Amino acid sequence: MLNRFHPFSKISHQLRLDLLDMIYHSGSGHIGGSLSSLDILISLYHSDIFDFKKDHFVLSAGHLACALYTVLASKKYFSKDLLKTYTDFDSILQGHISKDVPGVEYSSGSLGQGLSFAAGLALGDPRHTTVCLTTDGEHQEGQIWESVMFAKKYKLGNLVNIVDCNGLQIDGTVQDIMPLNNLAAKYVQFGWTVTTVDGHNFFQLIKALKQAKNSDYPNCIIAKTVLGKGISFMENNYKYHDVKNLDEKIYLAAKKELL
Amino acid sequence: MRQAFGQTIDQLAKNNPNLYVVSMDLKSSLFLSDFATHFPSRFIECGIAEANAAAVAAGLAKSGKTVFLCSFACFSPAINWAVIRQSICYNNLDVKIVGSHAGLMTGELGATHQMLEDIALMSTLPNMEVFAPLDALETKKITAVISKSHRPAYLRLVRPSTPIISNPKNSFTIGKSNILKKGKDVTIIGYGPILYQAFEAQSVLQNQKPNISLEIINCSSIKPLDFSTILKSVKKTKRLICIEDHQKNGGLGQMVASLFLSSTIKPKFIHLAVDNQFGRSAKDIYKLYNYYGIGKNSLLATIKKIL
């Protein structure tokens, strides 16, 4: 079914505006990846598949903080007004995610560590599901593959790793910088259950998340996404991995597209 | 020391169902086979993958466990330092990093395995506490105390069997040093089995200079450090020697020197440590100690110089 018919598409639209405002207010932020991962996070937090008062969410790619902040605010973990303080000196909303933020269990920013942490948490709390969000570029970190082996060895059926695959990283394409080739095949080879979805299609995302819950094997959901999704001149442009001094002209141009 | 650690962990686990061990294929080297046999579901083997192991330990701690992350110091905390920094320290979780085979004492295994930078790496991290037991007896006490602290900690162990020099009656308290031997002329501080060199030096002095006495302080709690005990001793002796089986850079001596620079007390101070060099193999560790200037003879020469 077309994504625009899904009730979450309205939320997605509103949160893209919130995210843009937040980054414009601060002047800087990882806008590209935040826009690519936003629909994944909405599917996690706005559906009733998981209860994150008991289940766990680990944002391994801590630079996607902006997306998580808007989603947490939309779920009333904290006031939406707080978004305006993002990266301020006395704000809990740092440039990379911190556990000081209500609803956040793990502080991150250095890539490659979160999946191991999520695996430890899944092992220590077998009665609940631990969901981790990583990125495709992050899979260049060797530690990811250590944790992939570990999760299989300990049969962590309560672990879900969602990979935000937008194909880009800070300096260019994943393919140019260090190709991952067939990521799904790699996970299958390591003994995981793998599903590939359109990371902006809520029907597909929710179906995959439901299937991933309570599995016998660790689960990997490869979500094919678009960096900068929703703002045409940012889409698939690695230069929008992050922005510094986002000026009014770009802000207004972006906003016009979202309105 | 390693055996004492393994026995203590096994005993503590009997009364603490939340105590976990995360291993990196060095179970037998850290005497953890009994623990692994008695508590198989709490013995988590990560294989030769220190980065993953450190964050797995952090995740387990997040679920309410007290986790001992056990390997050689040259692998953990050396290979996985950035993971310890973010996943354990920044997230402030109950993980104890146990780094065995520290220092030149690792002997035959040579430079790669003689970890001389662990105290520097660990003490610089916010939220991390750093401990280096004097002997097997103190290893048992420190292991038991940190198992209840609910904070990140580093425990430094050595490879060989070493003499028991701590007092069985003394208890271990985080942030407290203890005076192993009272004296009036020179204060010797350090941590770990190298302090035995100070007792050896005192025996020689007894024949050569019977009027000279050393005050020997065990700084097994490196961070937090009990500066007041050192200060009180130095007020009396006016002379301070720090001896350690570690690099000079980032070692206890530098921490103490920095504290004295901002204090009104200015003792004569000499720091005996490995000076910007890697180690090397030897069957006899005392040959290494002499070569790197941290053995009994170097200490005696330094005492004579400082007097």
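Caption draft 1: The arrangement of the overall build of chain A in detail. Per the secondary structure count, chain A includes nine helices and seven strands. A globule of 259 residues ought to have a C-alpha radius of gyration of about 18 Å, and chain A, at 17 Å, matches this closely. Projected onto its principal axes, the C-alpha positions of chain A cover 50 × 40 × 40 Å. Burial analysis of chain A (259 residues in total) assigns 51% to the buried set. Long-range contacts, defined as pairs at least 24 residues apart, comprise 77% of the intrachain contacts of chain A with a sequence gap of at least 6.

Caption draft 2: Looking closely at helix H5 (residues 142-153) of chain A. The first and last C-alpha atoms of H5 of chain A sit 17 Å apart over twelve residues, in line with the 16 Å expected at 1.5 Å per residue. Of the positions making up H5 of chain A, those classed as buried are Gln 143, Ile 144, Glu 146, Ser 147, Val 148, Phe 150 and Ala 151 of chain A. Summarising the contacts, the buried residues of H5 of chain A are in contact with helix H4 (114-124), strand S2 (130-135), strand S3 (159-165) and helix H7 (183-189) of chain A together with helix H3 (50-62) of chain B. At the C-terminal side of H5 of chain A, Lys 155 of chain A shows a positive phi close to 50°.

Caption draft 3: Structural view of the sheet that holds strand S6 (residues 193-198) of chain A. All names here are of chain A. The parallel open sheet is built from five strands, whose spatial order is S1-S2-S3-S7-S6. The open sheet has two edge strands, strand S1 (56-59) and S6, and neither has a second partner. Recorded for the sheet is a direction-independent mean angle of 20° between the axes of neighbouring strands. Summarising the sheet, S3 and strand S7 (residues 219-224) pair through six bridges and their orientation is parallel. Bridging across to S7, Cys 165 finds its partner in Lys 224.

Caption draft 4: Broad picture of the nonpolar core. With 177 residues, the main nonpolar core has Val 22, Ala 57 and Leu 69 of chain B as its most contacted residues. Counting residues per element, this core draws most heavily on H3 of chain B, which supplies nine residues. Both domain 1 (2-156) and domain 2 (178-306) of chain B contribute no fewer than three residues apiece to this core. With residues up to four places along the chain from it excluded, the contact list for Ala 57 of chain B reads Gly 120 of chain A together with Val 22, Val 67, Leu 69 and Val 95 of chain B.

Caption draft 5: Local environment of the domain arrangement of chain B. Residue and element names in this part refer to chain B. As assigned here, chain B comprises domain 1 (2-156) and domain 2 (178-306). For domain 1 versus domain 2, the separation of C-alpha centres amounts to 26 Å. Listed by partner, the interface residues are 24 residues for domain 1 and 28 residues for domain 2. Class assignment of the residues belonging to the side of domain 1 that touches domain 2 gives a composition of 13 nonpolar, five polar and six charged.

Caption draft 6: Up close: unusual backbone geometry. Residue Pro 224 of chain B is bonded to the preceding Lys 223 of chain B through a cis peptide linkage, with omega at 5°. Structurally, Pro 224 of chain B is set in the loop between strand S10 (221-223) and helix H8 (227-237). Phi is positive for Lys 76 of chain A, close to 65°, though the residue is something other than glycine. Within the fold, Lys 76 of chain A resides in the loop between helix H3 (65-74) and H4. Taking the C-beta count within 10 Å as the criterion, Lys 76 of chain A has 10 such neighbours and is therefore assigned exposed. Although it is not a glycine, Asn 181 of chain A sits at a positive phi angle of roughly 50°.

Caption draft 7: Layout of the interface of chain B and chain A. Facing the 21 residues of chain B at the interface are 21 residues of chain A. When contributions to the side of chain B that touches chain A are tallied by element, the ones reaching two or more residues are H3 and helix H4 (81-90) of chain B. In terms of residue count, the dominant contributor to the side of chain B that touches chain A is H3 of chain B (nine residues).

Caption draft 8: The sheet that holds strand S6 (residues 153-156) of chain B, seen in detail. Residues and elements named next belong to chain B. The mixed open sheet is built from seven strands, whose spatial order is S2-S1-S3-S4-S6-S5-S10. Edge positions in the open sheet fall to strand S2 (43-45) and S10, since each of these has one partner strand only. Averaged over neighbouring strand pairs, the angle between their axes works out to 20° when direction is ignored. As judged from the four bridges shared by strand S4 (residues 95-100) and S6, these two strands associate in the parallel manner. Paired with Lys 96 across the strands is Ala 153, a residue of S6. Along the sheet, H3 makes contact with strand S1 (19-23), S2, strand S3 (66-72) and S4, crossing S3 at roughly 165°.

Caption draft 9: Structural context of the pairing of S6 of chain B. Residues and elements named next belong to chain B. In S6, alternate side chains face the same way, and those of Ala 153 and Leu 155 on one face and Tyr 154 and Arg 156 on the other are all buried. As judged from the three bridges shared by strand S5 (residues 129-131) and S6, these two strands associate in the parallel manner. Within the sheet, the bridge partner assigned to Val 130 lies in S6 and is Tyr 154. Read from S5 through helix H6 (residues 136-146) to S6, the crossover connection turns out right-handed.

Caption draft 10: Representation of the environment of Leu 30 of chain B. Residues and elements named next belong to chain B. With respect to the helices and strands, the residue Leu 30 is situated in the loop between S1 and helix H2 (33-38). Distance in space between the C-alpha atoms of Leu 30 and Gln 7 is 9.9 Å, their sequence separation being 23 residues. Setting aside residues up to four positions removed in sequence, Leu 30 forms contacts with Arg 2, Phe 5, Gly 6, Cys 70, Val 98 and Ser 100.

About the cut-offs
- Residues numbered from 1 in each chain as written.
- Chains lettered and ligands numbered in written order.
- Predicted model: local features only at pLDDT ≥ 70, side-chain atom pairs only at ≥ 80, totals over all residues.
- Helix = DSSP H or I, 4+ residues; strand = E, 2+ residues; numbered from the N terminus.
- Rg over C-alpha atoms; globule rule 2.2 N^0.38 Å.
- Buried ≥ 20, exposed ≤ 12 C-beta atoms within 10 Å, placed from the backbone.
- Contact = placed C-beta atoms within 7 Å.
- Expected span 1.5 Å × (residues − 1).
- Pairing = 2+ DSSP bridges.
- Axes fitted to C-alpha atoms, helices over the stretch in contact; angles between N-to-C directions.
- Core = buried A, V, L, I, M, F, W, Y, C linked by C-beta atoms within 7 Å.
- Domains from an automatic or database assignment.
- Nonpolar A, V, L, I, M, F, W, Y, C, P; charged D, E, K, R; others polar.
- Right-handed = clockwise from strand over helix to strand, strands pointing away.

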